[in-house]
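Below, each chain spelled out in residue letters.
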Amino acid sequence: MSSLRAQVPWIVPTLLMVLWPTASFAQSLTVREMLDRQDEWPKWVRDRTELNINGRYEGRAAQQFRLARLPMLLSPARTAALPRNPNAGQRMTVSGVLVKSGADYSMDVSRIAAGSTDSQRLEAKIEKSNQDQPEQWYQIAEEYGAIAEFYADERLRQQVAELRRKAFQRQHTLFQDDWQKLRQLADFGAGIGIPLPEQQALIFESVVRLSQTENVDRKQLYDVIRKELAGWDQRSTGGNLSAAAEQSFRKNPVAAYQAASADDRLKLHRRFYRTVRLPDVLSELKSDGSNGQDVAGKVAEELPEETQQIAAIQRRYVDYRLTRVPSLTRRQLDELAGLLEESDRTTEILPTVDVWLKAQEKRLNNDQLDGLLATAEEYLFAFERWKRPEHRDAGVELLKRGWQLADQAAPEEAASIAQRLERFGWTRLRDQWMTTEDVARLPRNDVALAMREGRVVAGMKAGQILATMAGPPTRTIRVISARRVQEIWVYGEAGSSAIAIHVERGRSQSPDEAVATLVTTPAQ
């Protein structure tokens with residue numbers, strides 16, 4: 001016992017305080033209560049009122065000592081000795097009566113009981129409290145916070161602040177699955193000195209938890225985001241977060257937010273909104289991707305930062321259109337080619353056009369004139385749009401086949417087809433189709449070439465001359481010998497502008513068999 005008393009000198013007085021009976025009329029007061037009731041001190045002196053005062057030991061002067069903030073000296077009786085070496089701030093309960101001398105008050109102390117410091121008592125209370133009921137810690141903090149303020153005890157203030165933070169953090173853990181309690185805790189934190197960045201992080205976490213709630217009301221979620229997350233609607237196509245911040249957000253948005261700067265937190269508000277909004281927009285996409293163009297446009301309008309998703313939706317839409325190539329109109333084919341180009345799939349354009357052309361040929365070409373011409377039009381449209389020689393050549397061949405059918409049955413249609421072919425460099429000469437290059441290589445006196453150009457050359461028969469000159473000559477000069485008939489056909493009036501064509505035939509031959517032997521033109 002003596003050893004224990006040497007180690008903890010105040011334990012025996014404490015036990016004595018417990019064992020000593022207290023008069024039923026005794027007033028039990030704290031130092032603060034004593035100060036509040038200072039106007040009653042004269043009466044207590046007069047009535048020799050027994051007082052039990054609890055306060056903090058402050059120091060001693062000779063045989064007397066003080067309690068902190070109590071404006072009087074306390075004089076212990078011989079039976080009420082102070083504990084050995086009491087610590088400043090140690091709690092003491094003193095029993096006795098007030099004494100007044102002049103204007104000064106003092107107290108004759110009959111009993112002294114020493115206890116632990118407020119810091120120690122606070123720690124003991126925390127130890128006994130229920131860890132899953134942090135509201136008890138707030139009550140303890142409230143009690144000891146008042147004591148800390150009364151005594152201006154900085155250490156106790158820190159302990160109280162730490163206790164409140166501990167209670168706050170414990171509630172944070174307990175409420176982590178309840179977004180409403182988290183939100184309320186953020187508001188509560190403002191009243192107990194939790195820094196604003198922590199409050200904001202808690203608000204962000206509450207919104208995240210709401211979004212993770214099963215069957216969450218989407219309207220409510222969007223309303224909460226608009227209310228709580230400033231900057232949610234600040235669109236940016238230039239990208240917001242750094243690669244590291246983006247990776248952190250994907251891994252754990254709440255942790256990323258807690259570690260983020262103020263600027264990045266605004267960006268995270270927008271980034272989180274995108275994670276909420278994107279799935280809702282994508283839910284509108286049909287399984288076959290047929291409305292992908294509309295959905296991609298909606299994402300681009302609301303969430304332009306989602307470039308990869310926009311591209312993916314467009315790819316699905318393009319893939320859908322590719323499955324329907326045979327039934328596309330020209331305009332739709334052109335649009336599809338544009339989409340392929342925008343999607344960096346230009347290598348697929350020409351194969352797609354070929355699929356479309358084959359489908360049109362199968363649909364239109366019935367080997368009749370109308371079918372041949374309609375199919376030719378599709379190939380020539382493709383040539384005009386994509387400038388592929390094979391498309392032009394296929395269209396030209398179809399026009400030639402159409403001309404062949406029209407030559408006998410519909411001469412006017414044949415002439416129209418021939419004109420179209422000439423625009424593509426093809427001419428009908430010598431009963432065959434010749435290219436512009438082939439025609440250019442023909443000699444100038446080639447009969448067919450001359451007729452095409454409206455010229456008469458040696459070797460033409462009478463009918464060819466008449467056809468070329470569009471009728472009979474203005475006048476004819478005839479010379480007949482024993483075996484031959486020679487004529488000069490003159491076109492135009494006599495003079496330098498007249499054309500003279502010498503024709504010759506055997507006397508036994510008909511006039512139609514006459515052949516030009518010499519042509520004299522004004523230029524000659």
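Just so it is clear, the model here is predicted, and its values are computed rather than measured.

J.: Looking at this structure, I do not really get the overall build of the protein chain. What am I missing?
T.: In terms of regular secondary structure, the protein chain is built from 23 helices and 12 strands. The C-alpha atoms of the protein chain give a radius of gyration of 56 Å, which is well past the 24 Å a tight globule of 524 residues would have. Along the first, second and third principal axes, the C-alpha atoms of the protein chain reach 185 × 45 × 40 Å. For the protein chain, restricting intrachain contacts to residue pairs at least 6 apart in sequence, the fraction spanning at least 24 positions comes to 52%. Side chains of the protein chain carry 73 positive and 72 negative charges; the gap between the two charge centres is 4 Å.

J.: Mind showing me how you'd approach the pattern of salt bridges here?
T.: When charged atoms on two side chains of opposite charge get close, those side chains can pair. Per the stated rule, a full pass over the model turns up 43 salt bridges. What emerges from the salt-bridge pattern is a single network uniting Arg56, Arg91, Asp118, Arg121 and Asp153.

J.: So what exactly am I meant to see when it comes to the packing of aromatic side chains here?
T.: Aromatic ring pairs are defined here through the distance separating the ring centres and the angle between the ring planes. Scanning all chains against the criterion turns up 12 aromatic pairs. Here Tyr57 and Phe65 contribute two aromatic rings whose centre-to-centre distance is 6.3 Å and whose plane-to-plane angle is 35 degrees, an arrangement assigned as tilted. Considered together, Tyr57 and Phe65 belong to a single accessibility category, that of buried residues. By the ring-pair criterion, three or more aromatic residues cluster together here, those being Phe204, Tyr257 and Phe272. Arg32 extends its terminal NZ or CZ atom over the ring of Phe150, reaching a point 5.7 Å from the ring centre. Directly above the aromatic system of Trp137 lies the positively charged group of Lys166, at a separation of 4.7 Å from the ring centroid.

J.: It is not clear to me how the sheet that holds strand β10 (residues 484–491) should be interpreted in this structure. Could you clarify?
T.: The pairing of strands in a sheet comes from backbone hydrogen bonds and takes either a parallel or an antiparallel form. Read from one edge of the open sheet, four strands run β9-β10-β11-β12, paired in antiparallel fashion. Of all strands in the sheet, those bounded by a partner on one side alone are β9 (475–480) and β12 (515–520). Neighbouring strand axes in the sheet, compared pairwise and without regard to direction, differ in orientation by 20 degrees on average. Pairing between strand β11 (residues 499–506) and β12: five bridges, direction antiparallel. When the bridges of β12 are listed, His502 appears paired with Leu518. Its contacts with the sheet place helix α23 (residues 462–469) against β10, β11 and β12, and it is angled at close to 5 degrees to β10.

J.: What is the right way to look at the packing of helix α8 (residues 179–191) against helix α9 (residues 196–211) in this model?
T.: Between two packed helices, the angle of one axis relative to the other and the distance separating the axes together describe the packing. Axis separation between α8 and α9 bottoms out at 8 Å; the angle between their running directions is 170 degrees. One finds that α8 runs roughly antiparallel with respect to α9. Listed contacts from α9 to Trp179, Leu182, Arg183, Leu185, Ala186, Gly189 and Ala190 of α8 are Gln199, Leu202, Ile203, Glu205, Ser206, Arg209 and Leu210. Classifying every residue of the contact of α8 with α9 gives eight nonpolar, three polar and three charged.

J.: So what exactly am I meant to see when it comes to the environment of Leu241 here?
T.: Considering the arrangement of structural elements, one finds Leu241 in the loop between α10 (218–228) and α11 (243–251). Of the residues examined, Leu241 reaches a relative accessible area of 16% and is grouped as buried. For the pair formed by Leu241 and Lys267, sequence separation is 26 residues and the distance between their alpha carbons is 6.9 Å.

J.: What's the story with unusual backbone geometry in this structure? I'm lost.
T.: Keep in mind that most residues, glycine aside, have a negative phi and that most peptide bonds are trans. Unusually for a residue other than glycine, Arg48 sits at a positive phi of about 50 degrees. By the element assignment, Arg48 lies in the loop between α4 (41–47) and β2 (51–61). Since its relative accessible area comes to 49%, Arg48 is described here as partly exposed. Its identity as a non-glycine residue notwithstanding, Arg69 has a phi of 70 degrees, on the positive side. Structurally, the position occupied by Arg69 is in the loop between β3 (64–67) and β4 (73–76).

J.: Just to check I follow, could you spell out α11 for this structure?
T.: Residues separated by three or four positions in an α-helix point in the same direction, a consequence of the helix having 3.6 residues per turn. Looking at α11, one finds that the buried residues are Ala245, Glu246 and Phe249. Around the axis of α11, the buried residues are gathered within 100 degrees of arc, so they sit on the same side. Structural note: α11 exposes Ala243, Ala244, Gln247, Arg250 and Lys251 on the side pointing more than 90 degrees away from its buried face. Taken together, the buried residues of α11 touch α12 (253–259) and α13 (262–282).

J.: What's the story with the environment of Arg226 in this structure? I'm lost.
T.: Position of Arg226 among the secondary structure elements: in helix α10. Sequence separation between Arg226 and Tyr273 is 47 residues; the distance between their C-alpha atoms is 9.2 Å. Separated by 3.3 Å, the side chains of Arg226 and Asp223 make a polar contact.

J.: Would you mind showing me how to read the pairing of β2 here?
T.: Consecutive side chains of a regular strand alternate in pointing toward one face of the sheet and then the other. Where strand β1 (residues 27–30) and β2 come together, four bridges link them in parallel fashion. The residue bridging Thr30 from the neighbouring strand is Asn54, located in β2. In the sheet, β2 pairs with strand β5 (residues 90–101) via six bridges, with the strands oriented antiparallel. Following the sheet pairing, Gly55 is matched in β5 by Met92. Here β2 pairs with β3 via four bridges, running antiparallel. By the bridge assignment for β3, Tyr57 is matched with Leu67.

The rules behind the values
- Residues numbered from 1 in each chain as written.
- Predicted model: local features only at pLDDT ≥ 70, side-chain atom pairs only at ≥ 80, totals over all residues.
- Heavy atoms only, no water.
- Helix = DSSP H or I, 4+ residues; strand = E, 2+ residues; numbered from the N terminus.
- Rg over C-alpha atoms; globule rule 2.2 N^0.38 Å.
- Contact = heavy atoms within 4.5 Å.
- Lys, Arg positive; Asp, Glu negative; His and termini not counted.
- Charge placed at Lys NZ, Arg CZ, Asp CG, Glu CD.
- Salt bridge = Lys/Arg side-chain N within 4 Å of Asp/Glu carboxyl O.
- Phe/Tyr/Trp six-rings, centres within 6.5 Å; stacked < 30°, edge-to-face > 60°.
- Buried < 20%, exposed > 50% of the residue type's maximum accessible area, 1.4 Å probe, protein only.
- Lys NZ or Arg CZ within 6 Å of the ring centre and 35° of its normal.
- Pairing = 2+ DSSP bridges.
- Axes fitted to C-alpha atoms, helices over the stretch in contact; angles between N-to-C directions.
- Parallel < 35°, antiparallel > 145°, perpendicular 65-115°, else oblique.
- Nonpolar A, V, L, I, M, F, W, Y, C, P; charged D, E, K, R; others polar.
- Arc of directions from axis to C-beta.
- Polar contact = N/O pair within 3.5 Å; in protein donor to acceptor, adjacent residues only side chain to side chain.

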